[in-house]
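# Tertiary structure, described
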Amino acid sequence: MPCQMMRGAKNPKLPVRSRKRDVKPKIMPIGESEVLAFRNTLLQFDADHATEKADILNTLLGRPIRSVKVFTAYHDALLLAEAYAPDENLYARCRQELQRLADLSLQWWNSTDERKRYALSGTGIANSLLVGSFSFELVQWLVKRFPESFGLEGQDETELPFQDLLYRGLHPSENGVTEERTLELKPWLARFNGDQRLLSRLVRIFQELPVSQELRDLLYENQKLYVEARLDKPELTRTLARFSAEPIYFHSSLLRKINFEEEISRPLPKPISLNERQRQSLWTNARVTLFNLFRETDPVTFTDPEETRWYPVGRGTGIALFFLRPNRRLPLDSYVGYVAYKNGLPQAYGGSWIFRGQAKIGINIFPAYRGGESSWLFAQLIRTYSQAFGVKTFAVEPYQIGKNNPEGIESGAFWFYYRHGFRPLQAELRTLAAEEFDKINAIRRYKSASSTLRRLAESDLLLLPDGSDAQPFPIRYSRWMTEQFSSHFDGDRKKFVSKSIQFCKRLGLLPERILNVQERQSLELLAPFVMAVYGNTTAPPPSATVHLSNWLLSRYQKSESEWQELSGKCVHLFERLDALLSGDR
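What counts and what doesn't
- Residues numbered from 1 in each chain as written.
- Predicted model: local features only at pLDDT ≥ 70, side-chain atom pairs only at ≥ 80, totals over all residues.
- Heavy atoms only, no water.
- Helix = DSSP H or I, 4+ residues; strand = E, 2+ residues; numbered from the N terminus.
- Contact = heavy atoms within 4.5 Å.
- Polar contact = N/O pair within 3.5 Å; in protein donor to acceptor, adjacent residues only side chain to side chain.
- Core = buried A, V, L, I, M, F, W, Y, C linked by side-chain atoms within 4.5 Å.
- Buried < 20%, exposed > 50% of the residue type's maximum accessible area, 1.4 Å probe, protein only.
- Pairing = 2+ DSSP bridges.
- Expected span 1.5 Å × (residues − 1).
- Salt bridge = Lys/Arg side-chain N within 4 Å of Asp/Glu carboxyl O.

Another point: the overall build of the protein chain. Tallying secondary structure elements over the protein chain gives 26 helices and twelve strands in all. Residue pairs in contact within the protein chain that sit at least 24 positions apart in sequence constitute 69% of those at least 6 positions apart.

Spelled out as structure tokens, the structure:
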């Protein structure tokens, strides 16, 4: 009688252990505490932590991720690890893992679960979605540079209906189609513009409006339009976009404590010459970096690529300076923006308003890189601006340290600048700051009250050379010029400009030849200053007229460095202007 297998009995020819060999062990998803432990090792460079950061990373590589919080924290920890990598091995593994996260993000995007699909929106991570409102200048560049990645998301309510504006982009023969005015924006664009991408067509309509550049920008802003971007190209993402003009620097230590005065006085290297491809790549990276943070700065958005500079300041750090195009420049001061890079990764951004040896400045370190070499980086910024533009006095505006800026109060930004030698302009706040700083040094874990920090944020902070005095920034001149325009010729500014040019001719400040377009524009901008200063007084001395003549015609022709040098030579003009502002006529 044949033997029958009993239900549940073991088959002697197929042991249980051999079956278990086919079962893959369950891989646990990365946990929040593991990411935190990894990040905590990244800025430690003693012998123990050198192996610990590599060991922890090995336990994380390739593991699944379930939560958005862990995904973004791990992503940013990898960026920090790449920026401060101790060796090539860790650097390469971080790059590979970031590529894996980009692939994982694409899987989330392709998910049928809508919550998962949009979970990473607004993070700047590869293959996620970003929706925001930006300037017309930036939007038209993005649409031209990445046409497949950008679309029109929608529009907020606005006082100026889009039909009243965009109908100007139709042919006159279509003006009778009044019933279409009831359509909303997207159906309207689809109705009148066929198969063309809606955002591209919208940009083209604005480009064709018969208005000035400034008015076009204002009209676009008034429409409160939102664009959506699929971050489906490496250069559009925080994850994979890089720019560097120098070799990778591997860290054996972290510079937390520095001699600030010595650091800013070290000779600044000459800027590296960038070719056209490098300049365009740098400009793209800087714009996209700020875009991913829902930020813009005028020098990056309206940059003059030919003037872009890259200063290699050491430790894998490069400071990219961006200059406004001539037609976007300010009348007197030079607004020069920056993005600071660490091993190819954008680490901080900001700008400086430079005027005759003084500059307003601030530093904004991106969240992923906070806790690193902040003091050293700030010293490099001061070093760069002071030596590249001859700046001797630096100021930090109240907003940077917390005025109408809760984040500045929460982070104690005032003390960051105070520790680097900046002091309040007002005497009573200098006293308060000194008393608070004594408490911080004397009492363990002492923290200034928010109310105290808000009070300290009422004043500019100044970094002054020994024995120097703070001088007026151009905003005071602008207010004074408004008074001059309003009190002459019944407020007719065109007439004021015309009379100012005639006045400069009588002083012999203009050449006999015909002026070119840029010289004429510069003269129209600056001549009112000359008439306002000298119109009711004696003429400038002969020693001042040569510099004044060059200054009047050079705002849109010289580089910003040359412009500031010229302004510095017009000593008599600005001394007289300062005297008028102070009431000493």
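On to the side chain of Glu560. Relative to the elements of secondary structure, Glu560 occurs in helix α25 (residues 560-569). A polar side-chain atom of Glu560 sits 2.6 Å from a polar atom in the side chain of Ser334. When residues no more than four places from it in sequence are discounted, the contact partners of Glu560 are Glu307, Phe323, Arg329, Ser334, Tyr335 and Arg555.

Of all hydrophobic cores here, the largest spans 89 residues; its most connected members are Phe38 and Tyr74. A per-element tally of this core places helix α4 (residues 68-83) first, with nine residues. In contact with Tyr74, other than residues within four places in its own chain, are Ile30, Val35, Phe38, Leu57, Leu60, Leu61, Ile65, Glu97, Arg100 and Leu101.

Another point: the pairing of strand β7 (residues 345-355). With ten of eleven residues buried, β7 is to be regarded as a mostly interior element. In this sheet, β7 lies alongside strand β6 (residues 334-342) in antiparallel orientation, the contact comprising nine bridges. Counterpart to Val336 in the pairing with β7 is Ser352. Joining the antiparallel neighbours β6 and β7 is a turn of two residues, in which Asn343 adopts a positive phi near 50 degrees. Alignment of β7 against strand β9 (residues 364-365), held across two bridges, turns out to be antiparallel. Residue Tyr349 lies in a different strand from β9, and its bridge partner there is Asn364. In this structure, β7 lies alongside strand β8 (residues 358-361), joined through four bridges in antiparallel fashion. Counterpart to Ile354 in the pairing with β8 is Ala359. Counting the residues between successive antiparallel strands, the hairpin from β7 to β8 contains two residues, one of them, Arg356, with a positive phi of roughly 45 degrees.

Right, let's get into the pairing of strand β4 (residues 309-314). The buried fraction of β4 amounts to five of the six residues, a majority that puts the element mostly inside the structure. Pairing of β4 with strand β5 (residues 317-323) involves five bridges; the strand directions are antiparallel. Each residue of the ladder has a partner; that of Arg309, found in β5, is Leu321. The turn joining β4 and β5, which pair antiparallel and follow one another in sequence, is formed by two residues; a positive phi near 55 degrees is taken by Arg315.

Moving on, we get to unusual backbone geometry. Positioned with a positive phi, Lys224 is a non-glycine residue whose angle comes to about 50 degrees. Turning to its location among the elements, Lys224 is positioned in the loop between α11 (213-222) and β3 (225-230). Positive phi outside glycine occurs at Asp490, with the angle close to 55 degrees. Summarising the element assignment, Asp490 is placed in the loop between α21 (474-487) and α22 (493-506).

Before going further, it helps to spend a moment on helix α5 (residues 88-109). For α5, built from 22 residues, the straight-helix expectation of 32 Å at 1.5 Å per residue is met to within 8% by its first-to-last C-alpha distance of 32 Å. Of all the residues in α5, the buried ones are Leu90, Tyr91, Arg93, Cys94, Glu97, Leu98, Leu101, Ala102, Leu104, Ser105, Trp108 and Trp109. The backbone nitrogen of Asn89 lies 3.2 Å from a side-chain oxygen of the residue at the head of α5, namely Asp87.

In this section: the pattern of salt bridges. Inspection of the entire model under this criterion finds 28 salt bridges. Put simply, Glu263 and Arg266 hold a salt bridge, and the shortest N to O gap is 2.5 Å. For Arg266, a relative accessible area of 34% corresponds to the partly exposed category. What emerges from the salt-bridge pattern is a single network uniting Glu307, Arg329, Arg555 and Glu560.

Keep in mind these numbers describe shape, not what the thing actually does.
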